[in-house]
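An overview of the molecular structure
Here are the chains, one letter per residue:
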Amino acid sequence: MDAATAKMMKIFEAVLRDVGGSRLELDQVVKAYQQAFPSEAMRPDMRVRLHDAIVELSRQGVISIDEETYDEAESRALPEVIEMSASANFIRTSSDQLN
């Protein structure tokens, strides 16, 4: 993963954690993504980008996907629910350091 992608994933993770709670519904995840990346909200491929971000955070162990509500057969499916993992590695930093 390149530095730009890693930075984006940290931003998305921070916004997801700000939502609060360990279990987030899809609408909360979509809103968090749009808040983290406002310019993405109007892109025609936002759903694909959100899917890829969810997959990446899942791969990193930041979130887990509720297998009961996730239909992997559907191309670029978005899970109904995600679970935030507890993370001893997550450190909040100022936005100045992210830019």
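This write-up is about the structure you can find in this document. (Residues numbered from 1 in each chain as written. Predicted model: local features only at pLDDT ≥ 70, side-chain atom pairs only at ≥ 80, totals over all residues. Heavy atoms only, no water.)

**Some points on the overall build of the chain**
- Of regular secondary structure, the chain possesses four helices and three strands.
- The helix and strand sequence of the chain, counted from the amino end, reads α-β-α-α-β-β-α.
- By the burial criterion, 34% of the 99 residues in the chain qualify as buried.
- Within the chain, residue pairs in contact and separated by at least 24 positions form 57% of the contacts whose partners lie at least 6 positions apart. (Helix = DSSP H or I, 4+ residues; strand = E, 2+ residues; numbered from the N terminus. Buried < 20%, exposed > 50% of the residue type's maximum accessible area, 1.4 Å probe, protein only. Contact = heavy atoms within 4.5 Å.)

**Here we look at the nonpolar core**
- Among the nonpolar cores identified, the biggest contains 22 residues, and Phe12, Leu16, Val29 and Leu50 are the most heavily contacted of them.
- Where this core is concerned, the elements lending two or more residues are helix H1 (3-19), helix H2 (26-36), helix H3 (46-60), strand E2 (63-65) and strand E3 (81-84).
- The residues contacting Leu50, other than those within four sequence positions of it, are Phe12, Val29, Val30, Tyr33 and Leu78. (Core = buried A, V, L, I, M, F, W, Y, C linked by side-chain atoms within 4.5 Å.)

**Here we look at the packing of aromatic side chains**
- On inspection of all chains with the given rule, the structure shows three aromatic pairs.
- Here the aromatic rings of Phe12 and Phe37 are separated by 6.4 Å at their centres, their planes lie at 55 degrees, and the arrangement is tilted. Of this pair, Phe12 sits in helix H1 while Phe37 sits in the loop between H2 and H3, and the two are 25 residues apart along the sequence. The pair formed by Phe12 and Phe37 is uniform in burial state, with each residue classed as buried.
- Through pairs of rings, three or more aromatic residues link up here, namely Phe12, Tyr33 and Phe37. (Phe/Tyr/Trp six-rings, centres within 6.5 Å; stacked < 30°, edge-to-face > 60°.)

**A closer look at the pattern of salt bridges**
- Considering all chains together, one arrives at seven salt bridges under this definition.
- Across the salt bridge formed by Arg23 and Glu83, the nearest N and O atoms sit 2.7 Å from each other. Taken together, the residues span a long stretch of sequence, with Arg23 in strand E1 (residues 23-25) and Glu83 in strand E3 at a distance of 60 residues.
- Look at the salt bridges and you will find they share partners, linking Glu40, Arg43, Asp45 and Arg49 into a network. (Salt bridge = Lys/Arg side-chain N within 4 Å of Asp/Glu carboxyl O.)

**Let's talk about the sheet that holds E3**
- Taken in spatial order, the three strands of this open sheet run E1-E3-E2, and their pairing is antiparallel. Strands at the two margins of the open sheet, each flanked by one partner only, are E1 and E2. Here the average twist between neighbouring strands, direction ignored, is 30 degrees.
- Across three bridges, E2 lies against E3 in antiparallel orientation. By the bridge assignment, Ser64 is partnered in E3 with Glu83. (Pairing = 2+ DSSP bridges. Axes fitted to C-alpha atoms, helices over the stretch in contact; angles between N-to-C directions.)

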